[in-house]
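Summary of the model geometry
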Amino acid sequence: MARYANAKRIQLMIEGLDRFTATPGQGTTRATFSQEFRQGSDFLRARMLEAGLAVREDAIGNLIGRLEGRDPSLAPIVVGSHFDSVPHGGKFDGPAGVIAGIETAFLFRERGLAPERPIEIIAMIEEEGARFGGGLMASRLLTGQLDVTSLADIRDGDGISFMDALCTYGLEPARVQEAVLQAGSVHAFLELHIEQGPVLETHGEDVAIIDRIVGQVELGVTIRGRAGHAGTTPMGARRDALEGAVSVLSKLPTLARDIGRDAVLTVGKLELKPGGANVIPETVDFTIDIRAPEEEVVRDLLAKTRTAVEGARSLGLSTEIREQLYARPTLLSREIHAKLSAHAAALGLKSRSMVSGAGHDAMIMADFAPTGLIFVPSRGGISHAPEEWTDYDQLARGVDVVFAAVREMSGTAV
Ligand code: HGY
Ligand code: MN
Ligand code: MN
């Protein structure tokens, strides 16, 4: 069976990029626009140049390498993913897809292949939302699903605005609109990603071709009471934000379990202020991540969650709910799904079709251009943790499928 991708070169790129983390030895932490992020971008730029790509950085910090087509006027095939990370995450979540694109470019170069249609490899910012909340930021901005004007209100956990962080990164807030893509400017979008679950490993399969991505909502919640002295404030005179938060949080997992239908709910971030051992908490801020394959289930769980949060008002507290992301369940291109499946079979790979429980830029790009998503196995199904792992030979097999599909879709004579 044909094999194309160079697993060793892939390994060197994955591990080379992973040097740029704020938490060496404790997983990958690469926040958008951080020093590590700039170093990572420079590393990817160097690899793209080596692969023979013309490289540019767009107005919001996405890095794009372009292999010109014989007909430059044609809309490109875009291949890529993100290179920001969750805190203490793994080295493959995001980079696997960016480096799959760069490896594809290397393979075109080594074989002297000249695509009819241009090919672009994109390394995107802020997919995880770990710094600015919400997530899927690059793809939502590129496709107009996130309006540029809303950037003015976005701040990170330290109160630094997106625009100030963009400035520090060396980009110009006044130009962010330039990053927004024109309709029809992408012929197709392909993303390779690690599965981040146990299915492929359990079934001994090489790749999964994704037909649907679950709907995803992220809420930011603030419960507000009144700070006070822990010793002199009678229990009946308190407006304790933590008491309200606990009453809400204890209800949320049961809401998801009771709905079933593969609904999941996660409270991943929680911060209590002012945070003194002898001070009654004034505010509690937390996030709520809701997902389900069917939109009616997402909406049902979202409504029940809102009601549960507002129940804290009965304790004399105020509640604020901010919808930081609403991404509908997304069907991916049937045609590209068929192509990816056919190439996997032609390469002798064992593959399955599956639903993605994780969110990806592909779910946003799918509303803008025909989109395909392919998974490679995750050891133990572990992700968003330092132990995240995919064998480089497995990753190379996934890249083979991407390369074969891009070669076909770009009208490249073999
Ligand atoms: O949260 C997710 O599913 C993805 O890792 N951003
Ligand atoms: Mn992730
Ligand atoms: Mn990811």
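Residues numbered from 1 in each chain as written. Chains lettered and ligands numbered in written order. Predicted model: local features only at pLDDT ≥ 70, side-chain atom pairs only at ≥ 80, totals over all residues. Heavy atoms only, no water.

1. Section: the overall build of the protein chain
The secondary structure content of the protein chain amounts to twelve helices and 16 strands. Its C-alpha radius of gyration of 22 Å places the protein chain within 12% of the 22 Å reference for a compact globule of 414 residues. Each principal axis of the C-alpha atoms in the protein chain carries an extent, and together these give about 80 × 45 × 40 Å. Per-residue burial over the protein chain gives 57% buried out of 414 residues. Partitioning the intrachain contacts of the protein chain with sequence separation of at least 6 by distance along the chain shows that 79% fall at a separation of at least 24. Counting only carbon and sulfur atoms, one obtains 51% of the accessible surface of the protein chain, whose full area is about 16800 Å². Mean positive and mean negative side-chain charge positions of the protein chain (43 and 56 charges, respectively) differ by 0 Å. (Helix = DSSP H or I, 4+ residues; strand = E, 2+ residues; numbered from the N terminus. Rg over C-alpha atoms; globule rule 2.2 N^0.38 Å. Buried < 20%, exposed > 50% of the residue type's maximum accessible area, 1.4 Å probe, protein only. Contact = heavy atoms within 4.5 Å. Areas by Shrake-Rupley, 256 points an atom, 1.4 Å probe, with all protein chains shown as cover. Lys, Arg positive; Asp, Glu negative; His and termini not counted. Charge placed at Lys NZ, Arg CZ, Asp CG, Glu CD.)

2. What to know about the site of ligand 1
Inspection of the region around ligand 1 gives Glu127, Glu128, Arg291, Ala358, Gly359 and His384 as its neighbouring residues. Within the side chain of Glu128, an N or O atom sits 3.0 Å from a nitrogen atom of ligand 1. Residue His384 places a side-chain N or O atom 3.0 Å away from an oxygen atom belonging to ligand 1. Protein chains bury 89% of the 210 Å² of accessible surface belonging to ligand 1 in isolation. Considering only residue class, the shell around ligand 1 consists of one nonpolar, two polar and three charged. (Near = heavy atom within 4 Å. Polar contact = N/O pair within 3.5 Å; in protein donor to acceptor, adjacent residues only side chain to side chain. Nonpolar A, V, L, I, M, F, W, Y, C, P; charged D, E, K, R; others polar.)

3. Quick notes on the side chain of Glu120
Mapped onto the fold, Glu120 is located in strand β4 (residues 119–124). Of the residues examined, Glu120 reaches a relative accessible area of 9% and is grouped as buried. Within the local environment of Glu120, its side chain forms a polar contact with the side chain of Arg66, the two groups lying 2.8 Å apart. Ignoring any residue separated from it by four or fewer positions in sequence, one finds Glu120 in contact with Arg56, Ile64, Gly65, Arg66, Pro76, Ile77, Val78 and Val79.

4. Section: unusual backbone geometry
The omega angle of the peptide bond from Lys273 to Pro274 is 5°, so this bond is cis rather than trans. Following the sequence through the fold, Pro274 ends up in the loop between β10 (270–273) and β11 (279–280). Although it is not a glycine, Glu126 sits at a positive phi angle of roughly 45°. Position of Glu126 among the secondary structure elements: in the loop between β4 and α4 (137–142).

5. Brief notes about the pattern of salt bridges
Here the structure, examined in full by the defined rule, presents 26 salt bridges. Linking Arg66 and Glu68 is a salt bridge whose minimum nitrogen-to-oxygen distance equals 3.0 Å. Of the residues examined, Glu68 reaches a relative accessible area of 40% and is grouped as partly exposed. The shortest N-O distance in the salt bridge between Glu120 and Arg66 comes to 2.8 Å. Taken together, the residues span a long stretch of sequence, with Glu120 in strand β4 and Arg66 in strand β2 (residues 63–67) at a distance of 54 residues. (Salt bridge = Lys/Arg side-chain N within 4 Å of Asp/Glu carboxyl O.)

6. Points about the pairing of strand β16 (residues 371–376)
A large share of β16 lies buried, amounting to six of its six residues. Summarising the sheet, strand β5 (residues 188–194) and β16 pair through six bridges and their orientation is parallel. Pairing of His193 across the sheet is with Phe375, part of β16. (Pairing = 2+ DSSP bridges.)

7. A word on the packing of aromatic side chains
Evaluated as defined, the whole model comprises 13 aromatic pairs. Ring geometry for Phe37 versus Phe83: centroids 4.1 Å apart, planes at 15°, classification stacked. Pair noted here: Phe37 is in helix α2 (residues 35–50) and Phe83 is in the loop between β3 (77–82) and α3 (95–110), with a separation of 46 residues, a long-range link. Here Phe37 matches Phe83 in class, with each residue buried. Members of the aromatic cluster, each reached through a chain of ring pairs, are Phe33, Phe37, Phe83, Phe132, Phe162 and Tyr169. (Phe/Tyr/Trp six-rings, centres within 6.5 Å; stacked < 30°, edge-to-face > 60°.)

8. Quick notes on the packing of α2 against α3
At a minimum axis separation of 9 Å, α2 and α3 run at an interaxial angle of 20°. Taken as axis vectors, α2 and α3 run roughly parallel relative to one another. The crossing of α2 and α3 is left-handed. On α3, the residues that touch Leu44, Arg47, Met48, Leu49 and Glu50 of α2 are Val98, Ile99, Ile102, Phe106 and Arg109. Class assignment for the residues of the contact of α2 with α3 results in seven nonpolar, no polar and three charged. (Axes fitted to C-alpha atoms, helices over the stretch in contact; angles between N-to-C directions. Parallel < 35°, antiparallel > 145°, perpendicular 65-115°, else oblique. Left-handed = near helix turned anticlockwise from the far one by under 90°.)

9. A word on the coordination of the manganese ion (ligand 3)
Distances from the manganese ion (ligand 3) to its protein donors, His82 (NE2), Asp93 (OD) and His193 (NE2), fall within 2.1 to 2.2 Å. Written as a sequence motif, the donor arrangement for the manganese ion (ligand 3) is H-x10-D-x99-H. Between the manganese ion (ligand 3) and the manganese ion (ligand 2) the interatomic distance comes to 3.4 Å, and Asp93 is a ligand of both metals. One end of the pair, Asp93, is in the loop between β3 and α3; the other, His193, is in strand β5, with 100 residues separating them in the sequence. Residue class for His193 comes out buried when judged on its relative accessible area of 1%. (Donors = N, O, S within 2.8 Å, 3.2 Å for Na, K, Ca; no water.)

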